[in-house]
Amino acid sequence: MSSVAVLWVAATSPNPDPMNTCGLVRALESSRALSRFQNQRMNNVMMCRRGRRSSVVSSSLVAHPGGEIDLSSEEKVYNVVLRQAALVNKQLRSTSPVLDDVKKPQVRPGSLSLLGEAYDRCGEVCAEYAKTFYLGTLLMTPERRKAIWAIYVWCRRTDELVDGPNASHITPMALDRWEARLEDLFRGRAFDMLDAALADTVTRYPVDIQPFRDMIEGMRMDLRKSRYNNFDDLYLYCYYVAGTVGLMSVPVMGIDPKSKATTESVYNAALALGIANQLTNILRDVGEDARRGRVYLPQDELAQAGLSDEDIFAGKVTDKWRNFMRMQLKRARMFFDEAEKGVTELDAASRWPVWASLLLYRRILDEIEANDYNNFTKRAYVGKVKKIAALPLAYAKSVLKA
């Protein structure tokens with residue numbers, strides 16, 4: 001998990017600035033058998049995305065003796081994708097007047113300057129804590145840029161609830177209160193200036209509330225879970241804490257009017273990028289998470305590789321560990337590859353920051369390999385020179401749609 005805000009937990013604080021109140025803005029972030037398992041999973045996802053959902057459903061539904069049916073994590077998430085895609089398609093069919101490709105909301109006289117200040121504050125937070133991404137947003141149209149800032153800040157504040165300096169004081173009830181506040185926000189009732197920016201954004205773009213709710217559910221999982229039995233469980237967690245960001249952002253970033261891809265396929269690619277990024281976080285932070293008593297790696301796959309939590313806590317790089325990590329990196333790269341298909345379909349002004357994020361995050365996997373898979377005591381990161389070198393490539397890809 002990376003880190004976001006607890007101002008409402010300390011509602012009696014006299015400081016009206018939520019970012020200062022809690023000091024919360026610090027980071028608003030057997031091998032053949034496994035290979036066959038990964039390939040089948042990706043095949044299932046792609047079959048689902050090509051519209052042949054019946055065959056996927058038959059293999060991913062679990063029937064209970066009482067007649068109830070459980071969906072796999074992928075099917076649960078796919079339903080959210082369909083809902084968001086439907087919202088966007090509905091807007092595309094609308095004949096309402098538009099401003100910068102989006103619906104113009106009604107604004108009370110005198111409120112524009114305050115709303116402008118709210119968006120500016122979101123931009124300041126983004127510039128301070130996500131410098132590369134912030135630079136990329138400057139290539140977007142002004143309306144889209146501000147909306148992305150607002151979404152970024154809300155995600156950061158949410159993440160900070162369980163990863164920030166006040167995380168030890170967060171309870172499930174506190175998360176319930178944060179979700180109630182989210183519901184108010186989508187009804188146009190903002191608690192503070194940062195909420196106001198997002199409340200305005202969701203009136204301008206066809207953003208569904210469900211990904212926001214799901215991100216909060218991911219925070220609940222962090223409170224109650226420190227182990228994941230299999231990749232299906234981990235996939236759902238990755239969706240909650242990172243895949244949701246893609247579903248929130250695509251309605252703002254927009255799809256290229258010339259794109260022949262389905263709206264649904266673009267959202268699936270955005271989801272894949274979020275999953276890839278979170279898997280990369282997990283693989284990078286194995287040692288850090290272990291020191292907090294957390295293991296985000298699938299327990300069944302560890303066992304298949306002849307490993308256990310004890311091996312992770314011991315922090316020794318062995319051949320078993322190297323082989324296990326190779327397969328984990330392979331899976332993360334598969335999700336990055338899938339994400340690339342959707343980046344090329346985004347609106348031209350939005351592609352550059354997404355390409356930059358994809359290329360730089362994928363390079364973290366290369367750095368893990370360069371560290372001989374020692375993610376216990378060495379933190380893999382992309383150095384400044386490599387970051388700068390990646391930006392022209394990202395820009396070229398965004399212009400060439402390649």
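Since we're looking at a predicted model, the values are computed, not measured.

## What about the environment of N89?
- Following the sequence through the fold, N89 ends up in helix α4 (residues 73-93).
- A sequence separation of 173 residues divides N89 from T262, and the C-alpha atoms of the two residues are 9.7 Å apart.

## Examining the side chain of R204
- Tracing the sequence through the fold places R204 in helix α9 (residues 193-204).
- Overall, the relative accessible area of 10% leaves R204 in the buried class.
- Here the side chain of R204 touches D200 through a polar contact of 2.9 Å, side chain to side chain.

## What about the state of the cysteines?
- Tallied over the full model, the rule gives zero disulfides.
- Considering cysteine sulfurs only, C122 is the nearest to C126, which forms no disulfide, with 9.1 Å between them.

## Quick notes on the packing of aromatic side chains
- In total, this model carries 13 aromatic pairs according to the counting rule given.
- Aromatic side chains Y235 and F335 sit 6.3 Å apart centroid to centroid with 40° between the ring planes, which places their arrangement in the tilted category. Taken together, the residues Y235 in helix α11 (residues 231-253) and F335 in helix α16 (residues 319-343) connect sequence positions 100 residues apart. As far as the burial class goes, Y235 and F335 line up, both buried.
- Consider the rings of W321 and F324, whose centres lie 5.6 Å apart with planes at 35°: the pair is tilted. Placement of both W321 and F324 in helix α16 is noted, with a separation of three residues, approximately one turn of the helix.
- In this structure F324 comes out as buried when scored by relative accessible area, which is 3%.
- Of the aromatic side chains, those joined through ring pairs into one cluster are W154, W178, F186 and F212.
- The side chain of K146 reaches across the aromatic face of Y119, ending 5.1 Å from its centre.
- Across from the ring centre of Y129, 4.5 Å away, lies the NZ or CZ of R156, which sits over that ring.

## Looking at the nonpolar core
- Among the nonpolar cores identified, the biggest contains 105 residues, and W154, L234, Y239, L297, I312 and W321 are the most heavily contacted of them.
- Here this core takes 15 residues from α11, the largest share from any one element.
- Apart from residues no more than four positions distant in its own chain, W321 is found in contact with V286, L297, L302, L307, I312, K316, Y373, N375 and F376.

The rules we used
Residues numbered from 1 in each chain as written. Predicted model: local features only at pLDDT ≥ 70, side-chain atom pairs only at ≥ 80, totals over all residues. Heavy atoms only, no water. Helix = DSSP H or I, 4+ residues; strand = E, 2+ residues; numbered from the N terminus. Buried < 20%, exposed > 50% of the residue type's maximum accessible area, 1.4 Å probe, protein only. Polar contact = N/O pair within 3.5 Å; in protein donor to acceptor, adjacent residues only side chain to side chain. Disulfide = S-S within 2.5 Å. Phe/Tyr/Trp six-rings, centres within 6.5 Å; stacked < 30°, edge-to-face > 60°. Lys NZ or Arg CZ within 6 Å of the ring centre and 35° of its normal. Core = buried A, V, L, I, M, F, W, Y, C linked by side-chain atoms within 4.5 Å. Contact = heavy atoms within 4.5 Å.

Note that every value here comes from positions in space, so none of it alone points to a role or purpose.
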